[in-house]
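For reference, the chains in residue letters:
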Amino acid sequence: MRNNAEKLGAVLIALLFWQLAAKHIDSSILMATPVEVLKRLTTIWRDDGFVEVILFTLTRISLGYLLAVAAGLLAAFAANAYRAIEVLLSPWVAAFRAVPVASMIVILLIWVSAVNLSVIVAFLVVFPVVYTNMLAGLKARSTALWEMAKVFTMSRGKYLRYVLLPQLKPYMLSACSVTAGMAWKAGVAAEVIGTPPRSVGKMIYQSKIWLNTADLFAWTMILVLLSVIFEKLFITLLKMLLKVDKQT
Amino acid sequence: MSDILIENINKSYDGKQVINKLSLVLREGQLYLLDSPSGTGKTTLLRILMGLEVVDSGYLRGVPSRISVMFQEDRLIEELSVRKNIELVAADNSRIEESLRELGLYEYADKAVKELSGGMKRRTALIRAMLHASGLVLLDEPFTGLDQKTKEEAAGYIIRHLDGRTAVIASHIGDERIDAIAEHIDI
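Residues numbered from 1 in each chain as written. Chains lettered and ligands numbered in written order. Predicted model: local features only at pLDDT ≥ 70, side-chain atom pairs only at ≥ 80, totals over all residues.

1. Observations regarding the overall build of chain B
Logical step 1: Tallying secondary structure elements over chain B gives six helices and eight strands in all.
Logical step 2: Ordered by position from N to C terminus, the α and β elements of chain B give β-β-β-α-β-β-α-α-α-β-α-β-α-β.
Logical step 3: Relative to the compact-globule value of 16 Å for 187 residues, chain B shows a C-alpha radius of gyration of 16 Å, a close match.
Logical step 4: Across its three principal directions, the C-alpha atoms of chain B cover 45 × 35 × 30 Å.
Logical step 5: The proportion of buried residues among the 187 residues of chain B is 43%.
Logical step 6: Sequence-distant contacts, at least 24 apart, represent 74% of the contacts inside chain B between residues at least 6 apart. (Helix = DSSP H or I, 4+ residues; strand = E, 2+ residues; numbered from the N terminus. Rg over C-alpha atoms; globule rule 2.2 N^0.38 Å. Buried ≥ 20, exposed ≤ 12 C-beta atoms within 10 Å, placed from the backbone. Contact = placed C-beta atoms within 7 Å.)

2. Quick look at the environment of F96(A)
Residues and elements named next belong to chain A.
Logical step 1: One can find F96 in helix α4 (residues 83-98).
Logical step 2: With 17 C-beta atoms counted inside 10 Å, the residue F96 sits in the partly exposed group.
Logical step 3: Considering only alpha carbons, one finds F96 and F127, 31 residues apart in sequence, at a separation of 8.5 Å.
Logical step 4: Setting aside residues up to four positions removed in sequence, F96 forms contacts with L124, F127 and P128.

3. A short note on the confidence of the model for chain A
Logical step 1: The share of residues in chain A with pLDDT of 70 or more is 98%, and the mean pLDDT across the chain is 93.
Logical step 2: Model confidence for chain A, summarised as mean pLDDT per element, is weakest for helix α1 (residues 2-25) of chain A at 90 and strongest for helix α3 (residues 50-81) of chain A at 97. (pLDDT = per-residue confidence, 0-100.)

4. Here's the deal with the nonpolar core
Logical step 1: Counting residues in each nonpolar core, the largest one holds 112 residues, and the members touching the most others are V121(A), A122(A) and V126(A).
Logical step 2: With residues up to four places along the chain from it excluded, the contact list for V121(A) reads G64(A), V101(A), M104(A), I105(A), L108(A), A186(A), G187(A) and A190(A). (Core = buried A, V, L, I, M, F, W, Y, C linked by C-beta atoms within 7 Å.)

5. Let's talk about helix α5 (residues 148-160) of chain B
In an α-helix, one turn spans 3.6 residues, which is why side chains three or four residues apart end up on the same side.
All names here are of chain B.
Logical step 1: The terminal C-alpha atoms of α5 lie 18 Å apart, and with 13 residues this matches the ideal 18 Å at 1.5 Å per residue to within 8%.
Logical step 2: Within α5, burial applies to K151, A154, A155 and I158. Across the axial projection of α5, the buried residues extend over an arc of 100 degrees, all falling on one side. Those residues of α5 that are exposed and aimed more than 90 degrees away from the buried face are K149 and R160. (Expected span 1.5 Å × (residues − 1). Arc of directions from axis to C-beta.)

6. Topic: helix α4 (residues 118-130) of chain B
All names here are of chain B.
Logical step 1: If you check α4, its first and last C-alpha atoms are 19 Å apart, about what 13 residues at 1.5 Å a residue would give, namely 18 Å.
Logical step 2: Of all 13 residues that make up α4, 11 are buried, and the element is covered over most of its length.
Logical step 3: Within α4, burial applies to M120, K121, R122, R123, T124, A125, L126, I127, R128, A129 and M130.

7. Details of the sheet that holds strand β8 (residues 183-185) of chain B
Sheet strands associate in pairs through backbone hydrogen bonding, adopting either a parallel or an antiparallel arrangement.
Residue and element names in this part refer to chain B.
Logical step 1: Taking strand neighbours across the sheet as the criterion, the five strands line up as β5-β6-β7-β3-β8 in an open arrangement whose pairing is parallel. Two strands close off the open sheet at either side, each with one partner strand: β5 (67-70) and β8. Pairwise comparison of adjacent strand axes, ignoring direction, gives a mean angle of 20 degrees for this sheet.
Logical step 2: Packed onto the sheet, α4 meets β5 and β6 (136-140) and runs at close to 175 degrees relative to β5. (Pairing = 2+ DSSP bridges. Axes fitted to C-alpha atoms, helices over the stretch in contact; angles between N-to-C directions.)

8. Quick notes on the packing of helix α5 (residues 101-111) of chain A against helix α8 (residues 156-194) of chain A
Residue and element names in this part refer to chain A.
Logical step 1: It is at 10 Å that the axes of α5 and α8 come closest, and there the two elements cross at 50 degrees. On the basis of the axis angle, α5 is oblique to α8. Helix-helix and strand crossings are classified by hand; for α5 and α8 the assignment is right-handed. Residue-level contacts link V101, A102, I105, V106 and L109 of α5 to A186, A189, A190, I193 and G194 of α8. (Parallel < 35°, antiparallel > 145°, perpendicular 65-115°, else oblique. Left-handed = near helix turned anticlockwise from the far one by under 90°.)

9. So, the sheet that holds strand β4 (residues 57-61) of chain B
Residues and elements named next belong to chain B.
Logical step 1: With antiparallel pairing, three strands are arranged side by side in an open sheet as β2-β1-β4. Among the strands making up the open sheet, the edge pair consists of β2 (16-26) and β4. Taken over all neighbouring pairs, the strand axes of this sheet differ in orientation by 20 degrees on average, direction set aside.
Logical step 2: Across four bridges, the pairing between strand β1 (residues 4-13) and β4 is antiparallel.

10. Description of the environment of I6(B)
All names here are of chain B.
Logical step 1: Tracing the backbone through its elements, the reader meets I6 in strand β1.
Logical step 2: Overall, the presence of 22 C-beta atoms within 10 Å leaves I6 in the buried class.
Logical step 3: Considering only alpha carbons, one finds I6 and V18, 12 residues apart in sequence, at a separation of 15 Å.
Logical step 4: If we ignore the near neighbours within four places in the chain, the residues touching I6 are L22, S23, L24 and L60.

11. With respect to the environment of G39(B)
All names here are of chain B.
Logical step 1: Within the element layout of this structure, G39 appears in the loop between β3 (31-34) and α1 (42-50).
Logical step 2: The class for G39 is exposed, based on 8 C-beta atoms found within 10 Å.
Logical step 3: A C-alpha to C-alpha distance of 8.0 Å links G39 and V18, two positions 21 residues apart in sequence.

12. So, unusual backbone geometry
Logical step 1: Positive phi outside glycine occurs at D26(A), with the angle close to 55 degrees.
Logical step 2: Along the polypeptide, D26(A) turns up in the loop between α1 and α2 (34-44).
Logical step 3: A positive phi angle is found at D14(B), which is not glycine, with a value near 50 degrees.
Logical step 4: Tracing the backbone shows D14(B) in the loop between β1 and β2.

Given below as structure tokens:
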């Protein structure tokens, strides 16, 4: 309770600071006030094609993210089973982790259309983290329980559900939680640079060109909201999926 | 089922010989007690019979494909209930309740294993082993952590649930009833 009050207080102070800075600058072109941004947020959803813009960005970033989670999971299982796969994947994973997102976007723009760029960028940012985390989880799994399952000739399904998944759960939740935000940041960066039509990234880019900071801040807030909702929803679904009832 | 033949097996770890030219015949349906001192390779022999270790030389014949095991460490799934741990490997779930009653675990059946005492976990691991359908039962230190009364209950339970299977018990804690019917192996 006290923690929440402290957090709310900190947010209010930050908003006050923003309001004072905007008043001091005294130019809504350079910095919109929180009130102006809030007003814009109440009208932005009525703009022509608002839903289409949100859906464009949401579907592409979600697709890139989900594909990366699935691929990272499969690759980690394959790499854990066959060392050759781990060795072959290592330079790619290292490169994807090391290359700055901006460079990655510009390089990819040479080969890929801007329309699908955010799918690939979200994938490339998320994949190495999911892969590395899951591989670490698989390597750290209990050998004692694996031997128990082997000796009792437990079926693969039972082993996966009752022995392996509960051990991998913290690794998976941590990887998915960390990367959800990363996917949105990288995906929207790709849209801002590639400016595909009717995307949130293009809206942000246009707001900057027209020096419309109220729009810029409003779109940014919408993105933060979408990213948080996406992460919470996905993590909740994942927790439900990975839940093992002790009685069942 | 048939006799299990262990012929001239050797096993070493990091250059240290743990089992040296061991030959044995485990007759079908017989209970064996490995009660030699610690460090003489009892657990290693059980792990070889389980198929978890490969011998350096020698051979084994007639080891059944299905084996019931009680490990020295319980190796239970801590988050799952007592009942679920047993159900995962039990051949016949209708015998679980009776077994839980026999070993005083009936009231704890739906508790997560992580909430149990060491002795209760040991008894859970014992029930899991005995209710698994197999041709060979291997119990590694089944009485560790049990007081005199529960040890006697566990010994009685083992004898009642052998069901004619070949069994090897590695234990440094003796029990009169098991001593009376088991053939002692010295390795």
